[in-house]
Number of protein chains: 2
Amino acid sequence: MSEPINILLAEDEPALGQIIKESLETRNFKVLLCENGQIAYDAYLKEKPQLLVLDVMMPKKDGFTLAKEIRMEDDTIPIIFLTAKSQTQDVVEGFTIGGNDYLKKPFSIEELIVRINNLLDRTKLQKNSEVLIIGDYIFDFPKQTLQFREEASIQLTHREAHLLFHLMKNKNEVLDRSLILNKLWGTDDFFAARSMDVFITKLRKKLKQDDSIQIVNVRGFGYKLIC
Amino acid sequence: MSEPINILLAEDEPALGQIIKESLETRNFKVLLCENGQIAYDAYLKEKPQLLVLDVMMPKKDGFTLAKEIRMEDDTIPIIFLTAKSQTQDVVEGFTIGGNDYLKKPFSIEELIVRINNLLDRTKLQKNSEVLIIGDYIFDFPKQTLQFREEASIQLTHREAHLLFHLMKNKNEVLDRSLILNKLWGTDDFFAARSMDVFITKLRKKLKQDDSIQIVNVRGFGYKLIC
DNA sequence: AACGAGTGTTAACTAGTGTTAAGCGATTGG
DNA sequence: CCAATCGCTTAACACTAGTTAACACTCGTT
């Protein structure tokens, strides 16, 4: 048997937290239970788990805020949010970013296990190669080149390559605007946002030869690379 | 033989409830009988059945109210209402929303079985694809595009795509107004409702090339996408 | 130092999206 | 038939995103 997967579980309701923890442990996961977002962040820094399960509604620091902070450190770690039924579709969707998923309370443990395994599978696949296939393009991230079918490669700039790389890592999911701004520009102020607009335009131009590829805007949240 | 289907049956009259339960169990369904709407709701949360059979007239919580609450959690679960003959046609029809059906008392067990199987088939078909055929249109939900025959695709906005997606998931059935408002807008207040009106208008415009498609209003309840 | 190519930012303008408002039309119950 | 309610449509508005071009900076070359 392989190494157990480390999971960080942030859930303020002790009874529920304990049930989830024990259920996951019977499935051979190692679970670290934290009772609020603040504690969870410190635990994250110390333990570096492979996956996070975060309750959205928590005292001290809510799950979304916590996720944003952790995403600054690591933008590939899979996160599953536990949401109350009152959360609206749009908000939850906006946060379903970068290897995230969500589960509405109440849920069955089986549902949770399925999502955990899905996310772990997905992230495993991503890690291997730095040469990515986008529709009819081949994107070589280290070389910063983009090749359409058998045509000559186009050189991408540093910014273009990084932006595309992040879009690719979250393909078919919404990539959060402010997340990527903080990651690549170090700020999400007005000017950085305008600058990003420009790069989105540039990428769209360079990707338009295959019209099955689209960078779709999700108003208020970010972009989704469809391919 | 495959897994038995879990059915939640809410029926306040013990004798009738028991008959239905036993009849369904001989057909290899698993039936959980609840004696009122309140108990049924708790049982729903705990058991997550695949289909609901709800008596409309029940003490504590009637079938329609119960259905509305459950629809907040899950807008795809099939529901069959058992109605007294005194229920007016209109009210019953209004609640025949999102994978719902109804059966007038008295009914034969065979009628009930037929409806159960119909609804289960229908929901199974829907689940798979995110690219949907609407008459002569192809609706690609992830790409947020709508293509009429061989013409160029029209780009839909985020809201338009979501609204259309929900209409499609419940095509030829009534989609409840407040349900969709809560789901997409997070509230069903006056302004959200006006906003939704606008989007219905927009979708109607974009779908008018195929006049076999219609978004029909059901006054007081919601909309039905006919195609 | 002066030049030029390449890269990214700032600016100005244009376009798109969703909400609010207002007036009109349709349906229903009394 | 009238009044009340609900739905439809258009347009104005505020906000967000997209596009283009000018500008500024860096870096290597002359």
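If you're wondering where the values come from, they're calculated on a predicted model, not measured in any experiment. (Residues numbered from 1 in each chain as written. Chains lettered and ligands numbered in written order. Predicted model: local features only at pLDDT ≥ 70, side-chain atom pairs only at ≥ 80, totals over all residues. Heavy atoms only, no water.)

Peer 1: Just to check I follow, could you spell out helix H2 (residues 37–47) of chain A for this structure?
Peer 2: Residue and element names in this part refer to chain A. Along H2, the residues that are buried comprise Gly37, Ala40, Tyr41, Ala43 and Tyr44. Angular distribution of buried residues about the axis of H2 spans 165°; they occupy a single face of the element. Looking at the buried residues of H2, the elements they touch are strand S1 (5–10), strand S2 (29–34), strand S3 (51–55) and helix H3 (63–73). Here H2 starts with a cap whose side-chain oxygen sits 2.8 Å from the backbone nitrogen of glutamine 38, and that cap is asparagine 36. Directly beyond the C-terminal end of H2, a positive phi value near 45° is found at lysine 48. (Buried < 20%, exposed > 50% of the residue type's maximum accessible area, 1.4 Å probe, protein only. Helix = DSSP H or I, 4+ residues; strand = E, 2+ residues; numbered from the N terminus. Arc of directions from axis to C-beta. Contact = heavy atoms within 4.5 Å. Polar contact = N/O pair within 3.5 Å; in protein donor to acceptor, adjacent residues only side chain to side chain.)

Peer 1: Would you explain the interface of chain A and chain B in this entry?
Peer 2: How large an interface is tends to be reported as the accessible area lost when its parts come together. Of the residues lining the interface, 15 residues belong to chain A; the matching set on chain B comes to 17 residues. Around 1,400 Å² of area is buried between chain A and chain B when both sides are counted, 47% of it from carbon and sulfur atoms. Along the contact surface separating chain A from chain B lie zero residue pairs in polar contact (both at pLDDT 80 or more). Going through the elements one at a time, helix H4 (89–94), strand S11 (214–218) and strand S12 (222–226) of chain A are the ones with two or more residues in the side of chain A that touches chain B. Counting residues per element, the side of chain A that touches chain B draws most heavily on S11(A), at four residues. Its residues assigned to classes, the side of chain A that touches chain B comprises four nonpolar, five polar and six charged. (Buried area = accessible area lost by both parts, 1.4 Å probe. Nonpolar A, V, L, I, M, F, W, Y, C, P; charged D, E, K, R; others polar.)

Peer 1: I tried to follow the sheet that holds strand S7 (residues 137–140) of chain A on my own but got confused; where do I start?
Peer 2: In sheet architecture, strand pairing relies on hydrogen bonds along the backbone and comes in two forms, parallel and antiparallel. All names here are of chain A. Strands sit in the order S6-S7-S8-S9 across an open sheet of four strands; the sheet is antiparallel. Each end of this open sheet is capped by a strand with a single partner; those strands are strand S6 (131–134) and strand S9 (154–155). Relative to S9, strand S8 (residues 145–148) runs antiparallel, the two being bridged by two bridges. Its bridge partner lying in S9, threonine 145 is registered against glutamine 155. Running over the sheet, helix H6 (residues 158–169) touches S6, S7, S8 and S9 and is turned about 70° from S6. (Pairing = 2+ DSSP bridges. Axes fitted to C-alpha atoms, helices over the stretch in contact; angles between N-to-C directions.)

Peer 1: Quick question: what am I supposed to make of the protein's contact with DNA strand D here?
Peer 2: In the region of DNA strand D, 20 residues are neighbours, and Arg204(A), Tyr223(A), Arg204(B), Arg219(B) and Tyr223(B) sit closest. In DNA strand D, the atoms that sit within 4 Å of the protein are 78% sugar and phosphate, with bases accounting for the remainder. With respect to DNA strand D, the side chain of Arg204(A) contributes an N or O atom lying 2.8 Å from a phosphate oxygen. Within the side chain of Arg219(A), a nitrogen or oxygen atom sits 3.1 Å from a base oxygen of DNA strand D. Elements with a minimum of two residues in the surface near DNA strand D: helix H8 (190–206) of chain A together with helix H8 (190–206) of chain B. (Near = heavy atom within 4 Å.)

No statement about biological role is implied by the geometric values presented.
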